[in-house]
Amino acid sequence: MTEYDYESLGLVAGLEIHQQLDTATKLFCRCPTTIREPAESTRRFTRYLHPTKSELGEIDDAALEESRVDREFEYLAYDTTCLVEEDDEPPARLDEEALEVTLEIASLLDMESVDQAHVMRKVVIDGSNTSGFQRSILLGQDGEIETESGSVSVVDLMLEEESAKRVEETEDGVVYSLDRLGVPLVEIGTGPDIRSPEGAREAAERIGMLLRSTGAVKRGLGTIRQDVNVSIADGARVEVKGVQDLQGIEDIVRGEVGRQAELLEIRDELR
């Protein structure tokens, strides 16, 4: 792969890291956070989701577009599934253990903790949440980490509920498993301070190490996911979602820089 002069290309990158917490219970109910096999499911139910207006009286464009595809969502429930997970009962109080772990993470990232925590809703009608929205809480801002490539700002720290796990697609829609829905999840967003593929990997490595140092995060495939935002001067910001490993981050930044650089060369030639 061609190695570019990333400084002259104006590379700018940032990370969004999603990490499941290893708490005893879920974020808004007292069900266990144990991951189950679909074969263990004891029953199923079906839902159809539709977009609704936000607190500001607006309808999300992405949700509106999703609603135009008439999908049936089937959910696998277990002997531990409760009415909150089925969206047949209001959520319980926020899990205290998840809150304490997230505030510890905020301290490790040198962040300012908020004075008040408010539960917000993000509309999602792709079936990954039975309620049609994801609950999210801002708990930390304005942090920073140090890497060999320099300082990287940490813009925000959110405590969220994990989405349901997609099991399969059918002719009518999608089948989801409710074992993962509601597992406490932290989302960490860095500033656009990363200037090289190595710097992106180092930042993710540093944040991952700090998360593991709490002893309260889940381990294994799928328990941590990284979204990588990449752009170069005259290019466009592109978000690559769901990166699983550290080396993959470095490779993705290199590949995306190359793709954008070559597109700009084609543009110049066409002009």
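Whatever comes next refers back to the structure up there.
Nothing here was measured: the structure is a model prediction, and the numbers come from that model.

Chemist: When you look at the overall build of the protein chain in this model, what are you seeing that I'm missing?
Modeler: On a plain count of helices and strands, the protein chain comes out with five helices and twelve strands. Seen through its C-alpha atoms, the protein chain measures out along the principal axes to roughly 55 × 45 × 40 Å. Looking at the protein chain as a whole, 46% of its 271 residues qualify as buried. In the protein chain, 73% of the contacts between residues at least 6 apart in sequence involve partners at least 24 apart.

Chemist: When you look at the sheet that holds strand β2 (residues 43-47) in this model, what are you seeing that I'm missing?
Modeler: Remark on secondary structure: sheet strands pair via backbone hydrogen bonds, oriented parallel or antiparallel. Taken in spatial order, the four strands line up as β2-β3-β9-β8 in an open sheet, and their pairing is mixed. Every interior strand has two partners, whereas the edge strands, β2 and β8 (165-169), have only one. Each neighbouring strand pair of the sheet contributes to a mean axis angle of 30°, computed without reference to strand direction. Of the strand pairs in this sheet, strand β3 (residues 72-77) and strand β9 (residues 173-177) are connected by five bridges, and their pairing is parallel. In the sheet register, Y75 faces β9, and the bridge partner there is Y176.

Chemist: What exactly am I supposed to notice about the side chain of T81 here?
Modeler: By secondary structure assignment, the location of T81 is in the loop between β3 and α3 (96-108). Residue classification places T81 among the buried residues on the basis of a relative accessible area of 13%. Reaching out from T81, the side chain makes a polar contact with the backbone nitrogen of Y78 at a distance of 2.7 Å. Discounting chain neighbours no more than four positions away, the residues touching T81 are C31, R43, E86 and L178.

Chemist: Mind showing me how you'd approach the pattern of salt bridges here?
Modeler: Should their charged atoms come close, side chains of opposite charge can pair. Enumeration according to the criterion identifies 19 salt bridges in this entry. Residue E198 is joined to R254 by a salt bridge in which the shortest nitrogen-to-oxygen separation is 2.6 Å. Of this pair, E198 sits in helix α4 (residues 197-212) while R254 sits in helix α5 (residues 246-270), and the two are 56 residues apart along the sequence. Of the charged contacts in the structure, one is a salt bridge between D268 and R267, with a shortest N-O distance of 2.9 Å. The class of D268 is partly exposed, set by a relative accessible area of 45%. A residue is classified by how much of its surface remains accessible, and R267, at 28% relative accessible area, is partly exposed. When salt bridges with common partners are traced through the structure, they connect E198, R201, E205, E250 and R254 into a single cluster.

Chemist: How do you make sense of a negative patch on the surface when you look at a structure like this?
Modeler: Residues D110, E112, D142, E144, E146 and D193 make up a contiguous surface patch of negative charge. No other element matches the three residues that strand β6 (residues 133-147) contributes to the negative patch. With respect to the helices and strands, the residue E146 is situated in strand β6.

Chemist: How do you make sense of the nonpolar core when you look at a structure like this?
Modeler: Buried together is how nonpolar side chains tend to be arranged in soluble globular proteins. The biggest cluster of nonpolar side chains holds 43 residues, and the ones touching the most others in it are I105, L109, I188 and L211. At the level of elements, β1 (12-20), α3, β6, β7 (150-161), β10 (184-190), α4, β11 (224-231) and α5 are the ones that each hand at least two residues to this core. Examining the composition of this core, we find that six residues originate from one element, α4, more than from any other. Sequence-distant contacts of I188, that is, excluding residues within four places in its chain, are made with L15, E16, I17, I105, L109, V154, D156, L157, I207 and L211. In this structure, L49, I125, A164 and L181 belong to the second largest nonpolar core, which totals eleven residues.

Chemist: Can you help me understand a nonpolar patch on the surface in this one?
Modeler: Residues L263, I266 and L270 make up a contiguous nonpolar surface patch of about 330 Å² in total accessible area. Of note, L263 is situated in helix α5. Judged by its relative accessible area of 46%, L263 is partly exposed.

Chemist: Explain α4 here, please?
Modeler: Within an α-helix, residues lying three or four positions from one another point in the same direction, as the helix has 3.6 residues per turn. The first and last C-alpha atoms of α4 sit 23 Å apart over 16 residues, in line with the 22 Å expected at 1.5 Å per residue. Turning to α4, its buried residues number three or more, namely P197, G199, A200, E202, A203, A204, I207, G208, L210 and L211.

Chemist: Help me understand the environment of Y48 in this model?
Modeler: Considering the arrangement of structural elements, one finds Y48 in the loop between β2 and α2 (61-67). Its relative accessible area of 44% is what places Y48 among the partly exposed residues. Here the alpha-carbon distance between Y48 and D70, two residues 22 residues apart in the chain, equals 8.2 Å. Each residue touching Y48, except ones within four places of it in the same chain, is listed here: D70, R71 and E72.

Criteria and cut-off values
Residues numbered from 1 in each chain as written. Predicted model: local features only at pLDDT ≥ 70, side-chain atom pairs only at ≥ 80, totals over all residues. Heavy atoms only, no water. Helix = DSSP H or I, 4+ residues; strand = E, 2+ residues; numbered from the N terminus. Buried < 20%, exposed > 50% of the residue type's maximum accessible area, 1.4 Å probe, protein only. Contact = heavy atoms within 4.5 Å. Pairing = 2+ DSSP bridges. Axes fitted to C-alpha atoms, helices over the stretch in contact; angles between N-to-C directions. Polar contact = N/O pair within 3.5 Å; in protein donor to acceptor, adjacent residues only side chain to side chain. Salt bridge = Lys/Arg side-chain N within 4 Å of Asp/Glu carboxyl O. Patch = residues over 30% accessible without salt bridge, like charges linked within 9 Å, V, L, I, M, F, W, Y side chains within 5 Å. Areas by Shrake-Rupley, 256 points an atom, 1.4 Å probe, with all protein chains shown as cover. Lys, Arg positive; Asp, Glu negative; His and termini not counted. Charge placed at Lys NZ, Arg CZ, Asp CG, Glu CD. Core = buried A, V, L, I, M, F, W, Y, C linked by side-chain atoms within 4.5 Å. Expected span 1.5 Å × (residues − 1).

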